[in-house]
Every structure is written in structure tokens, then in C-alpha cells.
Amino acid sequence: MKKFSIEIRPAGVKYKSGTNILSDALAESIHLEHSCKTGECGVCSAQVVSGSIENEHGEVVTDGRILTCQSKAVSDAIIEATYYPELANINEQTLPCKVSKVDYVTDDIVRLSFRFPPNATLDYLAGQYVDLCFKGVKRSYSIGNAPSSSSFVELHIRNVEGGKMSELIFNDLKENELMRIEGPKGTFFVRDSNLPLILIAGGTGIAPIKAIVEDLIAKQDKRKLYIYWGMPSIDGFYLDYFQSIEQVYSNVHYVPVLSGEETWDGRKGFVHSAVCDDFETFEQYQVYACGSPLMIDAAKAAFIEKGLPSDAFFSDAFTPAK
């Protein structure tokens, strides 16, 4: 297999790639921006500066934008892409783990806690995800707790109709079941800034948001946090964590938003629309969004229209697999 030289600008880092631009970079601990790795979310978009790249459509291009997760070099190349040195010392691991707690928080969502062997820890940044491996099935889930307790992780898992992992987990899963975790992965984490944060989640996308908020509180971060959580049913709001911390920390503001038709006294509609209703402009904010690609795309477009700089929007798209 022939390998080509890839230079990432403006960071100036270089590596060799022979198969996939993103995978080969990650294998060298060069953390380019990415999320789903399937080509659906568009987070890994990069600009070709020089050289030839076979893009996600199977076309060889010498300029324009590509998705690094679906592209490979066919010559030496230079690309403009976001590189995160913050992740350079965060190494992916494969660790055995056992289920320590099974909590069916709704009819179709379970919150699982996993413990690692006594001498094993998982170093990660709040917001990242892992791959859960069980009986030959592998699926990606965001970590739902802050890294201050790296001897265990919690994952929030929705029952996907016809899903292979769902069938394994939602059919009488027991405590102490042995599984395997690979990670951490992803580039969804809070960047250094003094700007207030808007954290928006749809469904179980609340898991990495919870981890981020826990981490910021543990670090005594004083930035204002505006947390918006969208769910289609009232029973879907399975965490009372945000109501609790809102009563303690004056910089935390929590707004649940119901998209279904049930009657209640809270906010209703699309979660990103509720955010837009509450802010005249987003010029001096950072936004972190986790949920479906549809929600993320709608939120980004709406927020940018109201002044959010495009480089102040960070997202992690959930793309459920069967």
C-alpha cells in the first residue's frame, strides 16, 4: 500500500496516509475534527489546498471541500482542517468493563454504568464518546459523566427498533455482564474561552451535555451555562440533575422543551427554536449541540442567522445504527 504525505494547515502537522485521511491521522494521534465517521454529520469537512484527494463521492479532486472520514489521498496533499492539540495526550484504549448498574429510566432508554478493572482508567475529555462492544456488535455512545471519576463511565442508550445492540441490551441485561469499551473518541469538548455557553441537546444527546456540565462545575468554571433539552414526551426528561444544580449555581440556567402534543406548563416546540426565542443575538456565545443531524443542521443555520460566528458552533451528531 502506497502512503502519501498529508500536511494539515494551519497547524503544520504532517503524517502519512494510505487508506483513509481521518483514520490514518487518528492512528498517529493527530486529532482532526470529526464526529460520526460515516459521512452524515459533515463535521470533518476540510479544504483541499493542493494535491489529489479521492472524496466521499469517489471523485478525484484537487480543490474544494472533502469529508476526511470518507476520503483518501492519491498523491501528497495539503489540506486545511481543524486540529486539536488538546487531544494529543488522550490515547484510545481497549478496556474490558463490567456492567455495574442497569437503570431503565424510560420505556426505551437505559442508563448503564460500567466499572473497569482495578488498575485501569479511561482518560477522556467531557463530551467525548466510546465504542461499546458486546457479543460481536459495536456501537458508539457518548460518555454521560465527567472524567473526574475515570474508573467508571455511564452511557445513555436508546432502544432502536430492530437494532442489534438494542436487542442485546434491552432483553434482560444483567449486572456484572462483561463487555468491552474502545475510546475515547471524537472532538466534542469545551474549548478554552470566556464566552457564555449555550448547551443544546435532543433525546439522549443530553449525555455528553451532562458530562460537560459536571466537569465545568467540578472545575469551578464561572461562565454562564444555558442548557436546553428537547424531548418528544414529558416522561422522556429522565434526569433531574439539571433542575438540582440550577438551584445551587447562579450561573446555570436550564430549560426543558417538549416537542410532543402533551399538555404541560413548560416550553414547547423545537428545542433550537426555544433558544432563538430567548436570545436576540448569539454574537458573544459559544454553542455546543448534540442530537440528530436534522436538529443540529437546523440549530446551526438559525443561530448563524442571528449572529453566531460559524467557528463558535460545535456539534456531535447521533446517527443510530441498526
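The text that follows walks through the structure, step by step, so that each part is easy to find. Every value quoted in this text rests on a predicted model; they were computed, and no experiment measured them.

**Here we look at the overall build of the chain**
Consideration 1: Of the regular secondary structure elements, the chain holds six helices and 20 strands.
Consideration 2: The C-alpha atoms of the chain give a radius of gyration of 20 Å, which matches the 20 Å a tight globule of 322 residues would have.
Consideration 3: Counting only C-alpha atoms and orienting by the principal axes, one finds that the chain spans roughly 60 × 50 × 40 Å.
Consideration 4: When each of the 322 residues of the chain is scored for burial, the buried share is 51%.
Consideration 5: In the chain, the proportion of contacts linking residues at least 24 apart, taken out of those at least 6 apart, comes to 67%.
Consideration 6: Only carbon and sulfur atoms are counted for the fraction: they give 46% of the accessible area of the chain, which is about 15,000 Å².
Consideration 7: In the chain, which carries 31 positive and 43 negative side-chain charges, the distance between the mean positions of the two groups comes to 6 Å.

**Notes on the sheet that holds strand β4 (residues 53–54)**
Consideration 1: Pairing is antiparallel in the open sheet, where three strands are placed in the order β5-β4-β7. Two strands lie at the open edges of the sheet, namely β5 (60–61) and β7 (72–73), each paired on one side alone.
Consideration 2: Where β4 and β7 come together, two bridges link them in antiparallel fashion. Counterpart to I53 in the pairing with β7 is A73.

**A closer look at the sheet that holds strand β16 (residues 225–231)**
Consideration 1: Strand order in this open sheet of six strands is β18-β17-β16-β15-β19-β20, and the pairing throughout is parallel. Of all the strands in the sheet, the pair left with one neighbour each is β18 (267–268) and β20 (313–317).
Consideration 2: In this structure, strand β15 (residues 197–202) lies alongside β16, joined through six bridges in parallel fashion. Its bridge partner lying in β16, A201 is registered against W229.
Consideration 3: Strands in contact with helix α5 (residues 271–278) are β15, β16, β17 (252–258) and β18; relative to β16, the strand with the most contacts, it is inclined by about 145°.
Consideration 4: The strands that helix α6 (residues 293–305) touches are β15, β19 (286–291) and β20; relative to β20, the one it contacts most, it runs at about 170°.

**Quick look at the nonpolar core**
Consideration 1: If you look at the biggest cluster of nonpolar residues, it comprises 29 residues, and the most contacted ones within it are L199, I206, I209, V213, I227, W229 and F242.
Consideration 2: Secondary-structure elements contributing two or more residues to this core are β15, α3 (206–218), β16, α4 (241–246), β17 and β19.
Consideration 3: When residues of this core are assigned to their parent elements, the largest contribution, seven residues, is made by α3.
Consideration 4: Residues C36, I198, V255 and F303 belong to the second largest nonpolar core, which totals 27 residues.

What counts as what
Residues numbered from 1 in each chain as written. Predicted model: local features only at pLDDT ≥ 70, side-chain atom pairs only at ≥ 80, totals over all residues. Heavy atoms only, no water. Helix = DSSP H or I, 4+ residues; strand = E, 2+ residues; numbered from the N terminus. Rg over C-alpha atoms; globule rule 2.2 N^0.38 Å. Buried < 20%, exposed > 50% of the residue type's maximum accessible area, 1.4 Å probe, protein only. Contact = heavy atoms within 4.5 Å. Areas by Shrake-Rupley, 256 points an atom, 1.4 Å probe, with all protein chains shown as cover. Lys, Arg positive; Asp, Glu negative; His and termini not counted. Charge placed at Lys NZ, Arg CZ, Asp CG, Glu CD. Pairing = 2+ DSSP bridges. Axes fitted to C-alpha atoms, helices over the stretch in contact; angles between N-to-C directions. Core = buried A, V, L, I, M, F, W, Y, C linked by side-chain atoms within 4.5 Å.

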